[in-house]
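A look at the structure
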Amino acid sequence: MYRCKATCRAHANIAFVKYWGVVDSNLNLPANGSLSMTLSHAHSTTTVAWMDGSPTGEADILVIDGKEQSGSAHRRTVSLLDRIRTAMGIHWPAHVESRNSFPASAGIASSASGFCALTVAACQALAAGGRRDIPNRLHQARLARRASGSACRSFQGGFVEWSAGVDDTTSVACQVAGPDHWPLHDVVAVLDADPKSVSSHDGHRLAATSPLQEERVRQVQSHLNTARAAIRARDLKSLGEISERDAMLMHAVMMSSEPPLLFLNEGSVALMRQIRDWRLQEGLEVYFTVDAGPNLHVLCNEANVGEVSHRLARWPSVQDILVNGPGPAPELRNSHFF
Ligand code: DP6
């Protein structure tokens, strides 16, 4: 019944300079470039098996963290599998099982790690079945990008820049520095475990309705230059300041789009103020960034991880913390889920 299978583990990532807005929603070309760190302890492990059987989309089975999926996760997966089927000239349905190392509610997007692992495993399964002509990793990253933009950054370990590009082949992510370059840490402070009401996938389509979006896109190029230089120089002050600025500008766009999107809650704002106080009043080198949700990603050097984790864990509205350093590129696994 299974023709061939493979398993891949891919890691999520946190952007210091954010991707927000799309200029081509079919190709998923972003309005601007972005720059991220792949996360060591937030990963998705995915087994893909190609099966005998009918070629219709409904035949694809998707199980995430033990639950069979229908709805949008299934639809997005089928679209990606369809692109792989077309590229490879096959008509087989797939059985996909994925497990995340972090809770779905941890404020870390599982779409980046999930779609990266899915693409690598789906292609590798075909290689295991004898195909010699599978897409290379660069091509795989382009396929994954069309399912979830941030997924293309998870194809590299360490620090990664995704150039917006002008078409499918030029919108690609490249490594700026490997995982061993700088043990920067991201301590995720979980403030709200409920699923968000608007996905980033839908939010990207609203960015252009904000009067601030054009100005943000104009400024991003200089944010990218600053962040890239800061990473190369292992300069937390410069990276932290530009990350806070870029996140605030993205949230200003979100709040001023039509309809407005307000992802931050009272706890997020209170903790942002506290982080600034720790830095400015007490000299603790700590900065934040925040994605399309209320949970804060707190950036610090390795020497301060213990202190920062301790303070965050005791902060009244923090429900959980998750500590990450720079993580690796996707890895193939020898054991499968089924
Ligand atoms: C705010 O990659 O989740 O986290 O391409 O529609 O899947 P889709 O969106 P996604 O957007 C991520 C948005 C962000 C910023 C970032 O990670 O750069």
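Residues numbered from 1 in each chain as written. Predicted model: local features only at pLDDT ≥ 70, side-chain atom pairs only at ≥ 80, totals over all residues. Heavy atoms only, no water.

1. Things to note about the site of the ligand
- The environment of the ligand is made up of 17 residues, and the closest members are Tyr19, Gly149, Ser150, Arg153 and His201.
- One of the side-chain nitrogen or oxygen atoms of Tyr19 is found 2.7 Å away from an oxygen atom of the ligand.
- Within the side chain of His201, one N or O atom sits 2.7 Å away from an oxygen atom of the ligand.
- When residues of the shell around the ligand are assigned to their parent elements, the largest contribution, three residues, is made by helix α4 (residues 200-204).
- Residue classes in the shell around the ligand are distributed as five nonpolar, eight polar and four charged. (Near = heavy atom within 4 Å. Polar contact = N/O pair within 3.5 Å; in protein donor to acceptor, adjacent residues only side chain to side chain. Helix = DSSP H or I, 4+ residues; strand = E, 2+ residues; numbered from the N terminus. Nonpolar A, V, L, I, M, F, W, Y, C, P; charged D, E, K, R; others polar.)

2. Re the packing of helix α5 (residues 213-232) against helix α6 (residues 236-255)
- Put simply, α5 and α6 touch, their axes get as near as 9 Å, and they point 160° apart. In this view, α5 runs roughly antiparallel relative to α6, as classed from their interaxial angle. Seen along the crossing, α5 lies across α6 with a hand that is left-handed. Facing Gln213, Arg216, Gln219, Val220, His223, Thr226, Ala227, Ala230 and Ile231 of α5, the residues of α6 in contact are Ser238, Leu239, Ile242, Arg245, Asp246, Leu249, Met250 and Val253. (Axes fitted to C-alpha atoms, helices over the stretch in contact; angles between N-to-C directions. Parallel < 35°, antiparallel > 145°, perpendicular 65-115°, else oblique. Left-handed = near helix turned anticlockwise from the far one by under 90°. Contact = heavy atoms within 4.5 Å.)

3. Quick word on the sheet that holds strand β13 (residues 320-324)
- Spatial ordering of the open sheet is given by β11-β12-β10-β13, a layout of four strands whose pairing is antiparallel. Edge strands, defined here as strands with exactly one partner in the open sheet, are β11 (286-290) and β13. Here the average twist between neighbouring strands, direction ignored, is 25°.
- Sheet topology note: the strand β10 (residues 185-190)/β13 ladder contains five bridges and is antiparallel. Paired with Val188 across the bridge in β13 is Leu322.
- Helix-sheet contacts for α6 involve β11 and β12 (296-300), and the interaxial angle to β11 is about 30°. (Pairing = 2+ DSSP bridges.)

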